[in-house]
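Next come the chains, spelled out residue by residue.
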Amino acid sequence: MSNPYHNPKAQWAAYLVFFTVLACVPLMVENTFTVNLLARFLVLGMLALSVSLVWGYGGILSLGQGIAFGLAAYGMGMTMQMQAQDPENMPIPSFMLTNELTELPALWEPFWHAPTGIALALIVPTLFFAALGTIMFQARVAGVFVAIVTLAMLSAWYSMAFDMQPYTAGFNGISPPNPLQLGGYSVDPYSATAYWIALACLTALTLGLKALLHSKFGLIIQAVREDPERARFLGYSVAAYQVSVFTLSGFVAAVAGVLWVMIVQYVSPTALEVSFSVTMVIWAAVGGRMSLIGAIIGAFLVNGMQSFLGDELLYGFLLVLGGLFIVIVRFLPNGLAGLLESVLGRFGKRAASSDAGGPV
Amino acid sequence: MSVNHFWTAFAFEPFMNALLIGLSMASIWLIAALGLAIVYGTMGVINMAHGEFVMLGAYTTYLLQSAFGLPFLLCVPCAFLIVAAIGAIIEKLLIRHLYKRPLDTLLATWGLSLVLVQGVRLMVGPEPKNVASPAFLNASMQFWVFELSWFRVFIFGVTIAAFVVTWWLLQKTRVGLMVRAVTQNKEIAAAHGIDAGRVYTLTFAYGAGLAGLAGAMFGAIKNVFPDMGAGYIVEAFLVVVVGGVGSLAGSLVSALGLGEIYSVFAYFTNGTFAKFWLFLLVVIFLRFRPQGLFSEALARR
Amino acid sequence: MALLELKGVTKAYDQLKVVDNFDLKVHRGELRCLLGPNGAGKTTTIDLITGRQKITGGVISLEGSVITHWPEHMRVRAGLSRKFQVPAVFKGLTVRQNLEAAFTRHTNPVRNMFVFRDREARERVEEVALRVNLASRLGVRADFLSHGETQWLEIGMVLTQNPRILLMDEPTAGMTVQETHRTGEIFNTLKGTHTLLVVEHDMGFVRQIADRVTVMHMGRFLAEGTIEEIERNEDVKRVYLGGGKHHAHA
């Protein structure tokens, strides 16, 4: 008998149960505001998923996941905004008029066509991550330096979004008047449909990543995390693996950005705030960065607690969150999933040294 | 803002003043980065709460001034001492349990920064406070084509003084020798009877104190508010990273370089673009010199 | 033609030459030991061959192709495989995962995203595990292994790669006498089929395995020959075996 936590069949079963339960939620919840709130949690869970991939498995502490999220969110916001514009009568969004623009900036032109807009919202951040990753990892920038560089890029993008008022509506952000129109359908953010779209994306990405982590690629990115130099002297291009995993995580965060705007119908520079990106890392740390599903649950728990406590207690909550984070980092580096692992390990067998590893 | 007037044309006097502003910028970034550089260089700890130590320095000044009526110039050294004491406590309670886990220290100190910001917000309140500086520092001076406030000169002076004192402490004193020994090799230093734990506590406290000193001055330029620290932290990190780990001279040169580049970019475009391009430039710089300006690449094994 | 050839290889830090105009030829199927007192430049030489340190001067060729300035991973792909002095294994992964990672038929990340059950890899891993005494430890995480087992695991990883030449930097460092002897047996089974360049201090071990021995001193070539010749060599005795200031350490 070995630890059931490491049993691949048990893992897949846990994933199946988890996503099935999530799929049934809208059938049990009447309140549309709650459905919308839960859909938001799904998207935040997706961000934690991207952190788990890049940090937990890739060993790359990126504090810039918000770049992909934010850029994608702006792309989606622009797409949905343009769906409300009319080429004849109302060719440019009203916030541009108040900022003294007389014609639509070239940057906005492609977003007339919604599929192109959504594609750009996904591709541009992913390419940005590929480029930034290439620059960093070819130079063998590692550890805390990656954290600082990603942080710097994030804060640079934040100030751009904040300051380029005529193009981004600055501090106010873009709030498209109508829900997303997709192939003749209108995706009401408060509907179960929106929830299910978000869930479908989360499920597909999680299962896809889980399968990926069981591939040779998954093994090598973990090997690179453990000892990049050893991996290099086995003949692997460490940079190529790091760029791949960094880019993938950027893509996941970009999907989250697109879904987020579909669900909240709003995007502002807060998506690019430094504290938001670090908070994603907190979710993953709480749930367990070495577990995809753990990270998602971490996001659910922290955000669930936050909205349960409400806005009056927000500052108190952030205080507690900071404290909780310190405690987790200090005493529980693998989060709740790590806790589960050791508990199950005790049930499964006493010999702690037998069998371990495997992506969870 | 109109796109047509986006680029500012070159003009001698404003440009010279932009260079001067760059120098002032550099002194602000350097004093904010100095403590960070020492703590990272010696202990390998990235302190994400460094900005919050700056904030604590500003609040210390504010409280000393409003509650006890202490004159500003006396508040500055007090801010150093009080924040250093807070730093020492935090090092003993938290940081020392996380050595050898640099990424975890980074995250734990982020948690700490949340706690400090929210703690101050709950205790002192979220509204901005003012720190009054002496009248003679509020005046401006005119010199050739330059126009500069005395307060900026004051910051510049304090930064240079702090830099020189830090250099002297590290290079010329026994404590500095111990710090350098521990930086080189903790185990061997410990084998020669150096209490590495105490050296770390002192180093962290000193770094925190420098942040407090910076905060005392920053509070007087702008307002004092709970998340003011966030406004300095990224630039301070970049100064350290570009300068090279563990190199004081590197930090000085990189602060100067970054400050001037920023200021010149800002002169021709605007502050936001300047920041964006400066940060991008740093990333590209690291592509070619990941170890920074003054630091040798470290070998292992 | 020699499999691995070093000509005039030099590594200098400012004025100090750590490796100075060093020549070496290793032929196919040979087990060569590289000997020398501490600071003789042995590990640096291995670093230069594998590209871990930048070379100052000289030429390194592998089967005739000049690899002097290739990036590390390209040299490995060309058939150089290395074991580090301080054992480097993936501590958070199991023994099996470590060995699987070392099976590098494909190194392209995108290609590897579609590699799941690789039967050839599994067979190779089990064969190597048997060879390095780790067959019963495949499910164990590497950080639970003893020091000797960790050394064997890294030797196993190098073997899994099936390289043209295996570079072993002090493979028996920190091993017990029994473990060292067992390691010698492993090495002896490789003779003829594999080419090895082994840096060692332990003379007993060198006697057990070496065909030919090259001795370095102060970054330079000092002597080369069979173990008996080396033990008789006066120069070698002076700097290394015969005591004096320098000591061999076991």
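Predicted model, so just to flag it, every value in this text is computed and none were measured. (Residues numbered from 1 in each chain as written. Chains lettered and ligands numbered in written order. Predicted model: local features only at pLDDT ≥ 70, side-chain atom pairs only at ≥ 80, totals over all residues.)

Undergrad: Looking at this structure, how should I read the overall build of chain B?
TA: What chain B contains, in helices and strands, is 12 helices and two strands. When the helices and strands of chain B are listed from N to C terminus, the series reads α-α-α-α-α-β-β-α-α-α-α-α-α-α. A globule of 301 residues ought to have a C-alpha radius of gyration of about 19 Å, and chain B, at 20 Å, matches this closely. Taking the principal axes of its C-alpha atoms as reference, chain B extends roughly 65 × 50 × 35 Å. Classification of the 301 residues of chain B by burial places 50% in the buried group. Put simply, of all contacts in chain B between residues at least 6 apart along the chain, 77% involve residues at least 24 apart. (Helix = DSSP H or I, 4+ residues; strand = E, 2+ residues; numbered from the N terminus. Rg over C-alpha atoms; globule rule 2.2 N^0.38 Å. Buried ≥ 20, exposed ≤ 12 C-beta atoms within 10 Å, placed from the backbone. Contact = placed C-beta atoms within 7 Å.)

Undergrad: What should I look at first to understand the packing of helix α1 (residues 8–28) of chain A against helix α8 (residues 192–214) of chain A in this one?
TA: When two helices pack together, their arrangement is given by the angle between the helix axes and the distance between those axes. Residue and element names in this part refer to chain A. At a closest axis distance of 9 Å, the pairing of α1 and α8 adopts a crossing angle of 170°. Between α1 and α8, the angle is such that the two are roughly antiparallel. For the pair formed by α1 and α8, the contact residues are Tyr15, Phe19, Leu22, Ala23 and Pro26 on the first element and Ala192, Tyr195, Leu199, Thr203, Leu207 and Lys210 on the second. (Axes fitted to C-alpha atoms, helices over the stretch in contact; angles between N-to-C directions. Parallel < 35°, antiparallel > 145°, perpendicular 65-115°, else oblique.)

Undergrad: Can you walk me through the pairing of strand β1 (residues 4–13) of chain C in this structure?
TA: The side chains of a regular strand alternate, first on one face of the sheet and then on the other. Residues and elements named next belong to chain C. Sheet topology note: the β1/strand β2 (residues 16–26) ladder contains seven bridges and is antiparallel. Residue Glu5 lies in a different strand from β2, and its bridge partner there is Lys25. Between the end of β1 and the start of β2, which pair antiparallel, lie two residues, with Asp14 showing a positive phi angle near 50°. Here β1 pairs with strand β4 (residues 57–62) via five bridges, running antiparallel. Following the sheet pairing, Leu4 is matched in β4 by Leu62. (Pairing = 2+ DSSP bridges.)

Undergrad: Please explain the sheet that holds strand β3 (residues 31–35) of chain C as it appears in this structure.
TA: Backbone-to-backbone hydrogen bonds pair the strands of a sheet. The strands run either parallel or antiparallel. All names here are of chain C. The strand order β6-β7-β8-β3-β9-β10 describes an open sheet built from six strands, whose pairing is mixed. The open sheet is flanked by β6 (80–83) and β10 (220–225), the only strands paired with a single partner. The sheet shows a mean angle of 20° between the axes of neighbouring strands, direction not considered. Bridge count for strand β7 (residues 165–169) against strand β8 (residues 195–199) is five bridges, and the pairing is parallel. When the sheet's bridge partners are listed, Ile165 is paired in β8 with Thr195. Against the sheet, helix α6 (residues 147–160) touches β6 and β7, its axis set at about 175° to β6.

Undergrad: Mind showing me how you'd approach the environment of Asn185(B) here?
TA: With respect to the secondary-structure elements, Asn185(B) resides in the loop between α7 (174–184) and α8 (186–191). Separated by 58 residues in sequence, Asn185(B) and Glu127(B) place their C-alpha atoms 46 Å apart.

Undergrad: When you look at the interface of chain B and chain A in this model, what are you seeing that I'm missing?
TA: Where interface size is given, it is often the accessible area lost as the parts come together that is meant. Taken together, the contacts link 35 residues of chain B with 36 residues of chain A. Those elements giving two or more residues to the side of chain B that touches chain A turn out to be α4 (102–124), α10 (230–243) and α12 (271–288) of chain B. For the side of chain B that touches chain A, the element with the most residues is α4(B), which contributes 15 residues.

Undergrad: Can you help me understand the interface of chain C and chain A in this one?
TA: Counting from both sides, the interface comprises 31 residues of chain C and, opposite them, 27 residues of chain A. Secondary structure elements with two or more residues in the side of chain C that touches chain A: α2 (72–77), α3 (95–102) and α4 (109–112) of chain C. Looking at side-chain class alone, the side of chain C that touches chain A contains 15 nonpolar, 10 polar and six charged residues. (Nonpolar A, V, L, I, M, F, W, Y, C, P; charged D, E, K, R; others polar.)

Undergrad: What is the right way to read the nonpolar core from this model?
TA: Soluble, globular proteins show a tendency: their nonpolar side chains are buried together. If you look at the biggest cluster of nonpolar residues, it comprises 289 residues, and the most contacted ones within it are Leu47(A), Ala48(A), Leu49(A), Val258(A), Trp29(B) and Ala33(B). In terms of domain composition, this core takes at least three residues from each of domain 1 (1–79 + 164–250) and domain 2 (89–162) of chain C. Residues in contact with Ala48(A), not counting those within four places in the same chain, are Met280(A), Trp283(A), Ala284(A), Gly287(A), Ala295(A), Ile296(A), Gly298(A) and Ala299(A). (Core = buried A, V, L, I, M, F, W, Y, C linked by C-beta atoms within 7 Å. Domains from an automatic or database assignment.)

Undergrad: Explain helix α13 (residues 292–309) of chain A to me, please; I cannot follow it from the model alone.
TA: An α-helical turn contains 3.6 residues, so any two residues separated by three or four positions project in the same direction. Helix length check: α13(A), at 18 residues, gives a terminal C-alpha distance of 26 Å against a target of 26 Å (1.5 Å per residue), a fit within 8%. At the exit of α13(A) stands Gly310(A), carrying a positive phi of roughly 80°. (Expected span 1.5 Å × (residues − 1).)

Undergrad: For this particular structure, what's the right way to read the environment of Phe137(A)?
TA: All names here are of chain A. Topologically, Phe137 is positioned in helix α5 (residues 114–138). Taking the C-alpha atoms as reference points, Phe137 and Gln242, separated by 105 residues in sequence, lie 6.7 Å from one another. The contacts of Phe137, once residues within four sequence positions are left out, are Ala239, Gln242 and Val243.

Undergrad: Just to check I follow, could you spell out the environment of Asn99(A) for this structure?
TA: All names here are of chain A. Locating Asn99 in the fold gives a position in the loop between α4 (94–98) and α5. Judged by C-beta crowding, with 17 C-beta atoms within 10 Å, Asn99 ranks as partly exposed. Separated by 90 residues in sequence, Asn99 and Pro189 have C-alpha atoms that sit 29 Å apart. Apart from residues lying up to four places away in sequence, Asn99 is in contact with Gln165 and Pro166.

Undergrad: I keep staring at unusual backbone geometry and nothing clicks. Help me out?
TA: Glycine aside, residues mostly have negative phi, and peptide bonds are mostly found in the trans state. All names here are of chain A. Within the chain, Glu100 stands out as a residue other than glycine whose phi angle is a positive 65°. Inspection of the secondary structure puts Glu100 in the loop between α4 and α5. Phi is positive for Arg140, close to 60°, though the residue is something other than glycine. Structurally, Arg140 can be placed in the loop between α5 and α6 (144–163). With 17 C-beta atoms packed within 10 Å, Arg140 lands in the partly exposed category.

Undergrad: I keep staring at α1(A) and nothing clicks. Help me out?
TA: The terminal C-alpha atoms of α1(A), which comprises 21 residues, lie 31 Å apart, in line with the 30 Å expected from a rise of 1.5 Å per residue. Tucked inside the fold, the buried residues of α1(A) contact α2 (32–57) and α8 of chain A.

Undergrad: I tried to follow the sheet that holds β2(C) on my own but got confused; where do I start?
TA: All names here are of chain C. If you trace the four strands from one edge of the open sheet to the other, you get β2-β1-β4-β5, paired in antiparallel fashion. Strands at the two margins of the open sheet, each flanked by one partner only, are β2 and β5 (65–66). Here two bridges tie β4 to β5, and the two strands are oriented antiparallel to one another. Each residue of the ladder has a partner; that of Leu62, found in β5, is Ser65. Its contacts with the sheet put helix α1 (residues 42–50) on β1, β2 and β4, and the angle it makes with β2 is roughly 65°.

Undergrad: What is the right way to look at the packing of helix α3 (residues 65–83) of chain A against α5(A) in this model?
TA: Residue and element names in this part refer to chain A. Two elements in contact, α3 and α5, have axes whose closest approach is 8 Å; the angle formed by their N-to-C orientations is 165°. The pairing of α3 with α5 is recorded here as roughly antiparallel in orientation. The element α3 and its partner α5 pack so that their crossing is right-handed. Where α3 approaches α5, its residues Ile67, Ala68, Leu71, Ala72, Gly75, Met76, Met78, Thr79, Met82 and Gln83 are matched on the opposing element by Ala114, Gly117, Ile118, Leu120, Ala121, Leu122, Val124, Pro125, Phe128 and Phe129. Each residue belonging to the contact of α3 with α5 can be placed in one class, and the counts come to 16 nonpolar, four polar and no charged. (Left-handed = near helix turned anticlockwise from the far one by under 90°.)

Undergrad: Can you help me understand the confidence of the model for chain B in this one?
TA: Detailed reading of the predicted model is not advised wherever pLDDT is low. Residue and element names in this part refer to chain B. When pLDDT is averaged along chain B, the result is 85; 95% of the residues meet or exceed 70. When mean pLDDT is taken per element in chain B, helix α3 (residues 72–93) scores highest with 93 and helix α5 (residues 135–138) scores lowest with 73. Here residues 297–301 scores under 50 on pLDDT; set against residues more than four positions off or in separate chains, the count is four contacts. (pLDDT = per-residue confidence, 0-100.)

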